[in-house]
Structure formats: C-alpha cells, structure tokens
Amino acid sequence: MLRVIAVLVVVGVMVFAWVDCLRADARDVRHLPRPAWLLLILVPLLGAIAYLVAGRPLRVTDEPVARPLAPDDDPEFLRRLDLERRRRQADEERRRRQRERREGGRKDTTGPEGEDQAGHPA
C-alpha cells in the first residue's frame, strides 16, 4: 500500500510540474527553454523537483493581480454604453422632428369616416 501511495505522489508531482510548465509563459521559465524542462520533468521525481525549484517562473507580489472587471465596474464599458444611449436618444429626437415637419406640411385630405374628398377609402 505504501508503494502505491509513493507512486501516486511521484506521478502527481510530475503531472503538476508538467501542467505548470505548459501554462507558464515561455519567457518567464528560468534557466532552460520550456521544451527542455518538459523533457526533464519526465525523469521521475528528480526532473519535476528540479523544475519546481529552478525553472518555475517567479511570482512578483508587488504587481496587483489583474482580474477581469464586471461590465458595471469597467469605466470604458460604461462610457461606451452612455455614448450609445445618447446616440440613440439623438436619433429618436431627430426622427421625431422630421416626422413633425412632414406632418406639419401635409393637409388633412380625409373626409368623414376615413374617406378622402373623392369618397374613396383612405
């Protein structure tokens, strides 16, 4: 049973190191190029430990972690939303004025009950 646990731990460390190396930015991996680290990690336990100690990218704690902003927290999104709303209001106002001008120039040519002056249905 102890052997099974030891094998699982070794495989787990190797898989963790392999995935970490793949996900890391290739420019941030230290000392060796990423393909070399990927091959070295295949050496049971020693390769994975070597990568985790010497090759893993250093985490810089001074920089804040960039997290995606929700749409209502993103000032650029809110600005675009406001511009779109104002553009839509201006378009509606322009159409309303054009409709009023067209209707203001028309005479009411309908007769009683929706018929024009010639008696045809409007």
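Residues numbered from 1 in each chain as written. Predicted model: local features only at pLDDT ≥ 70, side-chain atom pairs only at ≥ 80, totals over all residues. Heavy atoms only, no water.

A. Examining the packing of helix H1 (residues 2-23) against helix H2 (residues 34-41) more closely. Two elements in contact, H1 and H2, have axes whose closest approach is 10 Å; the angle formed by their N-to-C orientations is 170°. In this view, H1 runs roughly antiparallel relative to H2, as classed from their interaxial angle. For the pair formed by H1 and H2, the contact residues are Met14, Ala17, Trp18, Cys21, Leu22 and Arg23 on the first element and Arg34, Trp37, Leu38 and Ile41 on the second. Its residues assigned to classes, the contact of H1 with H2 shows 8 nonpolar, no polar and 2 charged. (Axes fitted to C-alpha atoms, helices over the stretch in contact; angles between N-to-C directions. Helix = DSSP H or I, 4+ residues; strand = E, 2+ residues; numbered from the N terminus. Parallel < 35°, antiparallel > 145°, perpendicular 65-115°, else oblique. Contact = heavy atoms within 4.5 Å. Nonpolar A, V, L, I, M, F, W, Y, C, P; charged D, E, K, R; others polar.)

B. Molecular detail of the side chain of Asp20. Looking at where Asp20 falls in the secondary structure, it is placed in helix H1. Those residues in contact with Asp20 that lie beyond four places of it in its chain are Tyr51, Arg56 and Arg59.

C. View of the nonpolar core. Listed in full, the 10 residues of the largest apolar core are Met14, Ala17, Cys21, Ala24, Val29, Trp37, Leu38, Ile41, Ala48 and Tyr51. At the level of elements, H1, H2 and helix H3 (46-55) are the ones that each hand at least two residues to this core. Leaving out residues up to four positions away in the same chain, Trp37 has contacts with Cys21, Val29, Arg30, His31, Leu32, Ala50, Tyr51, Ala54 and Gly55. (Core = buried A, V, L, I, M, F, W, Y, C linked by side-chain atoms within 4.5 Å. Buried < 20%, exposed > 50% of the residue type's maximum accessible area, 1.4 Å probe, protein only.)

D. Summary view of H1. The end-to-end C-alpha distance of H1, which contains 22 residues, comes to 31 Å, matching closely the 32 Å that a straight helix rising 1.5 Å per residue would cover. Listed as buried for H1 are Met14, Ala17, Asp20 and Cys21. Along the long axis of H1, the arc covered by the buried residues comes to 135°, so they all point the same way. Opposite the buried face of H1, at more than 90 degrees from it, the exposed residues are Leu8 and Arg23. (Expected span 1.5 Å × (residues − 1). Arc of directions from axis to C-beta.)

E. Inspection of the packing of H2 against H3 at higher detail. Where H2 meets H3, the closest approach of the two axes is 7 Å, and the angle between their N-to-C directions is 145°. On the side of H2, the interface is formed by Trp37, Leu40 and Ile41, while H3 contributes Gly47, Ala48, Ala50, Tyr51, Ala54 and Gly55. When its residues are assigned to classes, the contact of H2 with H3 shows 7 nonpolar, 2 polar and no charged.

F. Examining the pattern of salt bridges more closely. Going through the model one piece at a time under the given rule, you end up with 13 salt bridges. Between Asp82 and Arg85 there is a salt bridge, and its shortest N-O distance comes to 2.4 Å. Residue Asp82 and its partner Arg85 are located together in helix H4 (residues 75-105), separated by 3 residues, close to a single helical turn. Classification of Asp82 by relative accessible area gives partly exposed; the value is 24%. Relative accessible area serves as the criterion here: at 40%, Arg85 is assigned to the partly exposed category. Salt-bridge contacts for Arg87 lead to Glu84; the nearest nitrogen and oxygen are separated by 2.5 Å. Separated by 3 residues within a single helix, Arg87 and Glu84 lie in helix H4, roughly one turn from each other. The class of Arg87 is partly exposed, set by a relative accessible area of 43%. Judged by relative accessible area, Glu84 falls into the partly exposed class, the value being 28%. By sharing partners, the salt bridges in this structure join Glu84, Arg87, Arg88, Asp91 and Arg94 into a single network. (Salt bridge = Lys/Arg side-chain N within 4 Å of Asp/Glu carboxyl O.)

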